[in-house]
Amino acid sequence: MLKNVIITGAAGNLGSATVDKFLREGYHVLATVEPGTRHHFIPGTPNLEVHQLDVTDDNAAREFVQRAFEEHKHIAAAVLLVGGFSMGSIAETSLSDLHRMFRLNFESCYNLARPAFLRMQWQENGGRLVLVGARPALDPAAGKGMVAYSLSKSLVFSLADLLNAAGEGKNVYTSVIVPSIIDTPANRAAMPKADFSAWVRPEELADKIEMTCRPDVVPTEKVVKVYGGV
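Note that the structure is a prediction, hence the values are computed from the model and not measured.

(A) Region of interest: the packing of helix α1 (residues 13–24) against helix α8 (residues 202–212). The contact between α1 and α8 brings their axes to 8 Å, and the two run at 50 degrees. As judged from the angle between their axes, α1 and α8 are oblique. Read as a crossing pair, α1 and α8 show a hand that is right-handed. Contacts between α1 and α8 involve Asn 13, Leu 14, Ala 17, Thr 18, Lys 21 and Phe 22 from the former and Pro 202, Glu 203, Leu 205, Ala 206, Asp 207, Ile 209 and Glu 210 from the latter.

As structure tokens, this is what we get:
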């Protein structure tokens, strides 16, 4: 029987690699992309559904999750990859900057994690949730130059803790993947003199994500740090 997985942010570099990984591992993938976003997925690809969804819209996200569970009966995992980044110290960070990062990094996650968890807790085999954290949220010295980003990602870690507390005894586990710099074309263009070999490849992260979603394995690490050589 095919396992069903929801993957948000599927059009991004990490999202694309993650979708490809889960398809290779025999999952049926429900991938979401922002409305109007171009993506490389080929129409008619076996075991792949591509849905346009604004994950910051609470109602739309909840309805999408409800339809996914109703149509597929069982969702093994939800991998929530949507996010954004911004620089800015305390002096440079306004409340509107905080709102923007909270919307992209926390609300986009919460809007799907909540309804998915509420369904998974009643499934016979439970389920897996994977969120994306950030190294600066764990290291104040590194985060002081990206305050809004770090604060928004710190909420993701707190959400994971709360979900794991609520999921205790129900075989629903939430993991947070924490990458260092990801090797993407955009990051290479922004830092052309960096040592790219020290960065984390999207495919490496995708492998880690898929491992945490296996229903026959209880995650031993709730925070999975993938820092490469940086």
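(B) View of the environment of Pro 179. Examined against the element boundaries, Pro 179 turns out to sit in strand β6 (residues 172–179). For the pair formed by Pro 179 and Val 156, sequence separation is 23 residues and the distance between their alpha carbons is 14 Å. With near-sequence residues (within four places) excluded, Pro 179 lies in contact with Val 132, Gly 133, Arg 135, Leu 205, Val 226 and Tyr 227.

(C) Region of the structure containing the nonpolar core. Among the nonpolar cores identified, the biggest contains 30 residues, and Ile 6, Leu 112 and Leu 131 are the most heavily contacted of them. Counting residues per element, the ones that place at least two in this core are α2 (58–72), β4 (77–80), α3 (95–120), β5 (127–132), α6 (147–166) and β6. The element best represented in this core is α3, accounting for 7 residues. Not counting residues up to four positions away in its chain, the partners in contact with Leu 112 are Ile 6, Thr 8, Leu 53, Val 55, Ala 61, Phe 64, Val 65 and Leu 80. By size, the runner-up hydrophobic cluster in this structure holds 25 residues, among which are Ala 77, Val 79, Leu 205 and Cys 213.

(D) Spotlight on the side chain of Ser 150. Relative to the elements of secondary structure, Ser 150 occurs in helix α6. For Ser 150, a relative accessible area of 9% translates into the label buried. At 3.5 Å, the side chain of Ser 150 and the backbone oxygen of Gly 143 are in polar contact. Residue contacts for Ser 150: discarding those within four places in its chain leaves Pro 136, Ala 137 and Gly 143.

(E) Here's a closer look at the sheet that holds β4. On the basis of which strands lie adjacent, the open sheet formed by 7 strands has the order β3-β2-β1-β4-β5-β6-β7 and parallel pairing. Because the sheet does not close on itself, it has two edges, and the strands there are β3 (48–52) and β7 (223–226). For this sheet, the mean angle separating the axes of adjacent strands, direction not counted, is 20 degrees. Relative to strand β2 (residues 27–33), strand β1 (residues 3–8) runs parallel, the two sharing 5 bridges. Bridge pairing in β2 links Val 5 to Val 29. The strands touched by α2 are β1, β2 and β3; relative to β2, the strand with the most contacts, the crossing angle is about 160 degrees.

(F) Summary view of a negative patch on the surface. Taken together, the side chains of Glu 34, Asp 54, Asp 57 and Glu 63 make up a negatively charged region of the molecular surface. Secondary-structure assignment places Glu 63 in helix α2.

(G) Layout of the packing of aromatic side chains. With the rule as written, the count across this model stands at 4 aromatic pairs. Ring centres of Phe 22 and Tyr 27 lie 4.7 Å apart, and the angle between their planes is 70 degrees; on these two criteria the pair is classed as edge-to-face. Neither residue differs from the other here; Phe 22 and Tyr 27 are each classed as buried. The lysine or arginine in question, Lys 3, covers the ring of Tyr 27, its NZ or CZ lying 4.6 Å from the ring centre.

(H) Spotlight on the pairing of β1. For β1, the tally of buried residues reaches 5 of 6 residues, placing the bulk of the element in the interior. The β-α-β motif built from β1, the intervening α1 and the parallel element β2 has right-handed crossover chirality. As judged from the 4 bridges shared by β1 and β4, these two strands associate in the parallel manner. Across the sheet, the residue bridging to Thr 8 is Leu 80, located in β4.

(I) Fine view of the packing of α2 against α3. Two elements in contact, α2 and α3, have axes whose closest approach is 8 Å; the angle formed by their N-to-C orientations is 30 degrees. Classified by the angle between their axes, α2 and α3 sit roughly parallel to one another. Regarding α2 and α3, the two cross each other, and that crossing is right-handed. Contact residues: α2 offers Asp 58, Ala 61, Arg 62, Phe 64, Val 65, Gln 66, Phe 69 and Glu 70, while α3 offers Asn 111, Leu 112, Pro 115, Ala 116, Arg 119 and Met 120. In terms of residue class, the contact of α2 with α3 is built from 8 nonpolar, 2 polar and 4 charged.

Calculation notes
Residues numbered from 1 in each chain as written. Predicted model: local features only at pLDDT ≥ 70, side-chain atom pairs only at ≥ 80, totals over all residues. Heavy atoms only, no water. Axes fitted to C-alpha atoms, helices over the stretch in contact; angles between N-to-C directions. Helix = DSSP H or I, 4+ residues; strand = E, 2+ residues; numbered from the N terminus. Parallel < 35°, antiparallel > 145°, perpendicular 65-115°, else oblique. Left-handed = near helix turned anticlockwise from the far one by under 90°. Contact = heavy atoms within 4.5 Å. Core = buried A, V, L, I, M, F, W, Y, C linked by side-chain atoms within 4.5 Å. Buried < 20%, exposed > 50% of the residue type's maximum accessible area, 1.4 Å probe, protein only. Polar contact = N/O pair within 3.5 Å; in protein donor to acceptor, adjacent residues only side chain to side chain. Pairing = 2+ DSSP bridges. Patch = residues over 30% accessible without salt bridge, like charges linked within 9 Å, V, L, I, M, F, W, Y side chains within 5 Å. Areas by Shrake-Rupley, 256 points an atom, 1.4 Å probe, with all protein chains shown as cover. Salt bridge = Lys/Arg side-chain N within 4 Å of Asp/Glu carboxyl O. Lys, Arg positive; Asp, Glu negative; His and termini not counted. Charge placed at Lys NZ, Arg CZ, Asp CG, Glu CD. Phe/Tyr/Trp six-rings, centres within 6.5 Å; stacked < 30°, edge-to-face > 60°. Lys NZ or Arg CZ within 6 Å of the ring centre and 35° of its normal. Right-handed = clockwise from strand over helix to strand, strands pointing away. Nonpolar A, V, L, I, M, F, W, Y, C, P; charged D, E, K, R; others polar.

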